[in-house]
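# Coordinate inspection notes
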Amino acid sequence: MIQRVLIFFLILSISTTSSYAQAAKRKLTDRDDLYGWEAVGRLDIGTQGFCTGTLIAQDLVLTAAHCALDKATGKPYPPGKVTFRAGLSGNDALADRKVVQIAAHPDFKANGAVSAPRVRMDVALMRLESPIPYSIADPFALHQGNVAGNEVSLASYGRGRAEAITRERSCRILNRSDGLITFNCDITFGSSGSALLARNGSRWQILSVVSAVGTNGRQKVGFGMELSGIVADLKADLRRDAPRPKANIRRLQVGSGKSSSGAKFISSGRG
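Here is a short report on the structure shown in this document.

Thresholds applied
- Residues numbered from 1 in each chain as written.
- Predicted model: local features only at pLDDT ≥ 70, side-chain atom pairs only at ≥ 80, totals over all residues.
- Heavy atoms only, no water.
- Helix = DSSP H or I, 4+ residues; strand = E, 2+ residues; numbered from the N terminus.
- Buried < 20%, exposed > 50% of the residue type's maximum accessible area, 1.4 Å probe, protein only.
- Contact = heavy atoms within 4.5 Å.
- 1 Å grid on protein atoms, 1.4 Å probe; cavity = no way out; pocket = protein on both sides within 12 Å on 5 of 7 lines; lining within 4 Å.
- Points joined across faces, edges and corners; volume = space filled by probe spheres on them.
- Nonpolar A, V, L, I, M, F, W, Y, C, P; charged D, E, K, R; others polar.
- Pairing = 2+ DSSP bridges.
- Axes fitted to C-alpha atoms, helices over the stretch in contact; angles between N-to-C directions.
- Salt bridge = Lys/Arg side-chain N within 4 Å of Asp/Glu carboxyl O.

This part is about the overall build of the protein chain. Along the backbone of the protein chain there are 3 helices and 17 strands. By residue count, 50% of the 271 residues in the protein chain fall in the buried class. A fraction of 67% describes how many contacts in the protein chain between residues 6 or more apart in sequence connect residues 24 or more apart.

Excluding glycine, residues mostly carry a negative phi; peptide bonds, for their part, are mostly trans. Look at Asp178: it is not a glycine, yet its phi comes out positive at around 55°. You can see Asp178 is positioned in the loop between strand 10 (161-177) and strand 11 (180-183). Asp178 gets classed as exposed once you look at its relative accessible area, which sits at 61%.

For the largest pocket, the calculated volume is near 320 Å³. The wall of the largest pocket is formed by 15 residues, among which Tyr35, Gly36, Trp37, Asp138 and Arg203 lie closest to the centre. Of the residues assigned to the lining of the largest pocket, the class counts are 8 nonpolar, 3 polar and 4 charged.

Now for the sheet that holds strand 6 (residues 82-86). Taken together, 6 strands build a closed barrel; the order of strands is 3-4-5-8-7-6 and the barrel is antiparallel. Neighbour to neighbour, the strand axes of the sheet diverge by 40° on average, direction disregarded. In this structure, strand 7 (residues 95-104) lies alongside strand 8 (residues 124-128), joined through 5 bridges in antiparallel fashion. Following the sheet pairing, Gln101 is matched in strand 8 by Arg127.

A few words on the pattern of salt bridges. Between side chains of opposite charge, a pair can form when the charged atoms approach closely. One pass over the full model with this rule turns up 10 salt bridges. Among the salt bridges present, the one from Arg85 reaches Asp96, with a minimum N-O distance of 2.9 Å. Taken together, the residues Arg85 in strand 6 and Asp96 in strand 7 connect sequence positions 11 residues apart. Put simply, Lys220 and Asp186 hold a salt bridge, and the shortest N to O gap is 3.4 Å. Of this pair, Lys220 sits in strand 15 (residues 220-225) while Asp186 sits in the loop between strand 11 and strand 12 (195-200); the two residues are 34 residues apart in sequence, bridging distant segments of the chain. For Lys220, a relative accessible area of 14% translates into the label buried.

Coordinates in, geometry out; function isn't part of it.
Dropping the structure here:
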């Protein structure tokens, strides 16, 4: 289906218009509104722009790969370049954390042409400098099993709504095949990387990640990917490439309160 429509990436410079009913969307502007949605955050990429990300663990953010790679170098943004702002409303976030590690599919090209294979790979994980406590934000789980019906939901930041999460309570899956998911949620600049959510019982869980937007000749449509296997592989990449703790030598002198023998101790860890 993706080859039969005009599509383009939502990457920091897009210009689109919306024809969707505003009644289906609501800005989450205060603490009561945010309850249950604190794990959605804005990803500020230096001064270049922003995307949306969602916590799937206390220190892991799920987003799109094109939000995680520098177009100039094709490599992940360096540590500290990206900031995750959980539950941002106005100028205040429930938690701000720098991103210190990024994993994306090794075959994803930052400047590659839009294609079905590229959308399927457009997923990234970001590790935060420190965990965000559950008392502040409860991470979302990945969706398991079949989706009951075609109803999905989207919570994201975007142009004209950059200072608060906008939640579209109900939109629809239009097509799901060949590892791609097409949907009619209202996608705009900044929505890149946001989680497409489907119900599992009483809870919303992450079904896909917003990758691209286009038109089928009648309406604007969004594109995401199936996440089965991808996230597990990216987690493994983060573990494999995680910085190793540096060993250091610490000398404990007589009278230090640690030892009265004058012995020297070697410790391994962060010290």
